[in-house]
Structure formats: C-alpha cells, structure tokens
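Residues per chain, in single letters:
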Amino acid sequence: MEALGIVLLCLLSIVTVGILMWLLRRCMHFRRYDYTVLRADMSLAEHLHEEKKLLDKTVQDAALLNCQYYLRSKGHFELLRQCPNIGSRSEKNCFQVSRIGSNEKLLLAMFPASSHCLHDSDKLINELLLLLKHPYLYSGVMIDTLPEQGLVSVLQPFNKDGSLKDIIYHSKPLDRWQTKYSRCGIVLPPTSIRKYCRQILEALLYLRGKGFTSFQHLHSGNVLIRKDCCKLTGVENILLGMKPKLQSVITRLVKHKADAFDSVCFGHLLFELCTGYELDSAAPQPRHLLDIAGHDAVELLNFIFYSDTIPGINEISTHSYFKGVDLKEMRAFNPAPIRLTPAMKSCINKTNKTAADLLSRKHRLGKKEKVNH
C-alpha cells in the first residue's frame, strides 16, 4: 500500500507539473502577443513624435532665418538666443536680442500678420504707443510690419520677473509653454489679488479714456510684474488686429457687446488668481464654484458673471471688494496732457470698428451653429 501511495503521489506531481507548464506556456504566448502589439504601438508613437520634432525644427529654422534677416536689415541689434515656444500662440516665435554695444536684453516676437493689420502704419502706431504713458502700462514696445514676409515683429524690453501667470505657476518667463503651465498653480494672497486687480482695472480705464472701447487681450500672460507692480502689455495686439485669446470661449456670453468683453476677461483673470487654474468655460460652472467657496472675491465674481447685465470696467473698479486698496503709484503720476493727432484718432476708431465687427460676426456664426445643431 505504501508503494502504491508513492506511485500515486508521483503521478499527481507529474500531472501538476504538466498543468503548470501548460499554463506557463499559455501565459507566455499571450505576453508575447501583448508585447508585440505594444512594441508596434510604441514604434508608431515614436515615429509620430520624430515627425513632429522634425516639423518643429523646420519651423524653428525658418523662424530663425527670418529673424536673422530682419536683424541684419536693422543693423543695430544682435541675436542672443532663440527661445522655445513660450506663449500660447504656436505661430509666434520669440528671440532674445540686444542693441549692439548695450547689455539691455530685449524680447523680439515675430508672427504672421493678421488680415486686419493696419499695413503701412508702423510709424503712426509706434508714435501712438509712445504717447500712452501710465504706471500700470508696459512701455517701450515697438512694432514693425514686414509685408514681403507677411510677418509682424514686436520688440520690447525683456522683463526678467515674468508675467502674472509666471507668478501663479512658479515658472520662468522663457520656459516652454507646454511645460511651465501644465500643472496647477498657487492661489495668491487675497491682499495681492486685490492690489493687482485694481492696478489692472486702472490701466484699462486709462485706455478707455484714450478712445479704446475695448482692450480684449486681457489675460494673466499679458500682465507683467515689475517690482510687485502690474504692467499691462499687449496694446499693440489691438492695433495689429490680432484675435483675442478668449474670443472663442466667451463670445456667446458677451454677445456683440464689445465693452463687456474686458469685464468677462477680467472675471477670468480674477478666477485664475483665486484658484490657480484657468476657467475653461465662459462663466464659472457648479464644478468651479466649489473651488472658490468662501473666498472673499466670490461676491465680485458673482457681480461680474451673474448680474442681469454684465457690468462695465468702471462699475467693477468701484466695487466694495477694492475698498482700501492703495494705488501708491497713482499718487506720483502727474502726466502731461497728450494730444492725439487726427491720424491717431482715426487709427483707434478703425481698431474699435474692426474689433466690434469681428465680435458681432463671431456671435452671428455662433447663433447659426446653435440653430443648426
């Protein structure tokens, strides 16, 4: 009996080992299959990635040639470095340059001219930009249109402190756009939010006073920070007929009211400062409201987004949220009266009309798409 038990135990062991071997071979078969598919997928992904890298390099090389040609034509600038894609506009190429014999770093941006660009108005636009002086406006911006290349260049002093967006996301101004803003940012202190927002509103009110009905290019990337003070930049974008960053998101909310555009853009900026991330809809949705619950800016956000009519910039600036904010830079601001020439006024009027027409056209297209759906 003992011998029989040993035989049965041996047979059971052999069967068990056989089953395990069969299962192991089967598993190996599926693993080889899965691995083969994965390798094929990775090869395709790598191939596409290499193609994109090659295309990006071709675009970068072409942009560099345009920049070098432009700098040679000017004669008094030298190229320091070609920057990666540092902004949200993929077609915008940036370079760090300096004047020959100077250590001051400048930022040169080159991008395709808009179909609404006022060609042959470089001198007029630069004279107008030179006249616009305010503590909360970024100065020293010069534009140049290059009709033969279909490009526009914008030259301005390089601001090493970066933008308000760089402050929110703890990033460096010359880092690549795709990486520096890919993570959630920080929430700024309430006192800083109130101060920065009030400074921005003051800059917008100044532009209104000079005839611009709407700035339209307000976002955290267009607010530079210098010595803890906001400097609004991007005025040249209006004059060059550039499409606003938030146009496709907020057009249905503002409808055809150009004066409401800045108010909603300001609301988006305020939301980003309070949460550390951009608002991805025209107005805050229930999922967004959870992130601002209890914040002292909630009342102002409700005032902007949920009033019967969208309040104007002047109404927002007098809201109780800003009570006690000290604009110390304004106390020292005593500008000499500026006189806009008839040509400058005409340029501003054309800009205002173009912006209003584009907004109205976009609104009509939006309504048409909504009806079709």
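Above this text you will find the structure in question.
So, here is what we can say about the structure in this document. Remember, predicted model here, so these are calculated numbers, not experimental data. (Residues numbered from 1 in each chain as written. Predicted model: local features only at pLDDT ≥ 70, side-chain atom pairs only at ≥ 80, totals over all residues. Heavy atoms only, no water.)

1. Points about the environment of Asn-66
Part 1: For Asn-66, the position within the fold is in helix H1 (residues 2-74).
Part 2: As a C-alpha pair, Asn-66 and Leu-151 span 85 residues in sequence and 9.2 Å in three-dimensional space.
Part 3: Each residue touching Asn-66, except ones within four places of it in the same chain, is listed here: Met-110, Gln-149 and Leu-151. (Helix = DSSP H or I, 4+ residues; strand = E, 2+ residues; numbered from the N terminus. Contact = heavy atoms within 4.5 Å.)

2. A closer look at empty space enclosed by the protein
The rolling of a water-molecule-sized probe over the atoms marks out the regions of remaining empty space.
Part 1: Summed over all chains, the structure comprises two cavities of 30 Å³ or more.
Part 2: Approximately 110 Å³ is the volume attributed to the largest cavity.
Part 3: Gln-216, Gly-241, Met-242, Ala-355 and Leu-358 are, among the 14 residues lining the largest cavity, the residues nearest its centre.
Part 4: Looking at the lining of the largest cavity, the elements with two or more residues in it are helix H6 (235-239) and helix H13 (342-372). (1 Å grid on protein atoms, 1.4 Å probe; cavity = no way out; pocket = protein on both sides within 12 Å on 5 of 7 lines; lining within 4 Å. Points joined across faces, edges and corners; volume = space filled by probe spheres on them.)

3. A look at the pattern of salt bridges
Part 1: Under the criterion given, the structure shown has 14 salt bridges.
Part 2: The closest approach of N and O atoms between Asp-144 and Lys-74, which form a salt bridge, is 2.7 Å. One end of the pair, Asp-144, is in strand E4 (residues 142-146); the other, Lys-74, is in helix H1, and 70 residues separate them in sequence.
Part 3: You can call Asp-144 buried: its relative accessible area is 13%. (Salt bridge = Lys/Arg side-chain N within 4 Å of Asp/Glu carboxyl O. Buried < 20%, exposed > 50% of the residue type's maximum accessible area, 1.4 Å probe, protein only.)

4. A closer look at the layout of surface pockets
Part 1: The calculated volume of the largest pocket comes to roughly 720 Å³.
Part 2: Lining the largest pocket are 33 residues, and of these Ile-86, Gly-87, Lys-92, Gly-221 and Asn-222 sit closest to its centre.
Part 3: Mapped onto the lining of the largest pocket, the elements with two or more residues apiece are strand E3 (105-112), strand E5 (151-157), helix H4 (177-180) and H6.
Part 4: Taken together, the residues of the lining of the largest pocket break down into 14 nonpolar, twelve polar and seven charged.
Part 5: Space inside the second largest pocket adds up to approximately 300 Å³. (Nonpolar A, V, L, I, M, F, W, Y, C, P; charged D, E, K, R; others polar.)

5. Focus on the side chain of Asn-352
Part 1: Assignment of secondary structure puts Asn-352 in helix H13.
Part 2: Asn-352 sits in the buried class, given a relative accessible area of 12%.
Part 3: A distance of 2.8 Å separates the side chain of Asn-352 from the backbone oxygen of Gly-211, its partner in a polar contact.
Part 4: For Asn-352, the contacting residues outside a window of four places in its chain are Gly-211, Phe-212 and Thr-213. (Polar contact = N/O pair within 3.5 Å; in protein donor to acceptor, adjacent residues only side chain to side chain.)

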